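Commentary on secondary and tertiary structure
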Amino acid sequence: MVKVWYEPPPYGPGTSLNRPSYGIVSLKPQWIQAISRRPQAMVVTGACVTFAALAYIPIMIRQSSQGLPFTMSPEYVAAQRAYQRYHNMNPIFGVSSKSARAADEAH
């Protein structure tokens, strides 16, 4: 019987012995090597959460300085509902439906 000694590749599992793996070279920063060795789902999820947080920063700044947009004021919403009702927009389930008109008349 022959004994076989397994030695993993130098750059981790799934890499080649005779060339550096995809993006993992000793010249790369440590954090890039650490990210490239992590499961793809975790890296993609983390990137999505990071970009969502970065996209929310301008919205947060605008809300703190100006408040809500003018299109969300009660007067604007009432005018928009009146316009939609006049033009009979979404007559089955929306603002022009019989149930919505009955609910508004009750108030």
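Above this note sits the structure.
Residues numbered from 1 in each chain as written. Predicted model: local features only at pLDDT ≥ 70, side-chain atom pairs only at ≥ 80, totals over all residues. Heavy atoms only, no water.

A few words now on a nonpolar patch on the surface. Together, Phe51, Leu54, Tyr56, Ile57, Ile59, Met60 and Ile61 make up an exposed nonpolar region whose accessible area comes to about 700 Å². Topologically, Met60 is positioned in helix α2 (residues 40-66). (Patch = residues over 30% accessible without salt bridge, like charges linked within 9 Å, V, L, I, M, F, W, Y side chains within 5 Å. Areas by Shrake-Rupley, 256 points an atom, 1.4 Å probe, with all protein chains shown as cover. Salt bridge = Lys/Arg side-chain N within 4 Å of Asp/Glu carboxyl O. Helix = DSSP H or I, 4+ residues; strand = E, 2+ residues; numbered from the N terminus.)

For the rest of this paragraph, the subject is unusual backbone geometry. Its identity is not glycine, yet Asn88 carries a phi of approximately 55°, on the positive side. By the secondary structure assignment, Asn88 is in the loop between α3 (74-86) and α4 (98-106).

Now for α2. At 3.6 residues per turn, the α-helix brings residues three or four places apart onto the same side. The terminal C-alpha atoms of α2 lie 40 Å apart, and with 27 residues this matches the ideal 39 Å at 1.5 Å per residue to within 8%. Along its length, α2 reaches its greatest deviation from straightness, about 30°, at Ile57, and the proline Pro58 lies no more than four positions downstream. At the C-terminal side of α2, Gly67 shows a positive phi close to 85°. (Expected span 1.5 Å × (residues − 1). Bend = angle between axes of the 7 residues up to and from the residue.)

Relative to the 18 Å expected for 13 residues at 1.5 Å per residue, α3 spans 18 Å between its end C-alpha atoms, a close match to the ideal helical length. Two residues or fewer after α3 comes Asn88, characterised by a positive phi angle close to 55°.

Before going further, it helps to spend a moment on the packing of aromatic side chains. Evaluation of the coordinates by the stated rule reveals 1 aromatic pair. Judged by centre distance (5.6 Å) and plane angle (90°), the ring pair of Phe70 and Tyr76 falls under edge-to-face. Taking the relative accessible area as the measure of exposure, Phe70 reaches 62% and is therefore exposed. (Phe/Tyr/Trp six-rings, centres within 6.5 Å; stacked < 30°, edge-to-face > 60°. Buried < 20%, exposed > 50% of the residue type's maximum accessible area, 1.4 Å probe, protein only.)

Attention now moves to the side chain of Ser96. Structurally, Ser96 can be placed in the loop between α3 and α4. Within the local environment of Ser96, its side chain forms a polar contact with the backbone oxygen of Gln84, the two atoms lying 3.3 Å apart. A distance of 3.1 Å separates a polar side-chain atom of Ser96 from the backbone oxygen of Met89. Setting aside anything within four residues of it in sequence, one finds Ser96 in contact with Gln84, Arg85, Asn88, Met89, Asn90, Pro91 and Arg101. (Polar contact = N/O pair within 3.5 Å; in protein donor to acceptor, adjacent residues only side chain to side chain. Contact = heavy atoms within 4.5 Å.)

So, on to the environment of Val95. One can find Val95 in the loop between α3 and α4. Considered as a pair, Val95 and Arg81 are 14 residues apart in the sequence and their alpha carbons are 6.7 Å apart. What Val95 contacts, discounting residues up to four positions off in sequence, is Arg81, Gln84, Arg85, Met89, Asn90, Ala100 and Arg101.

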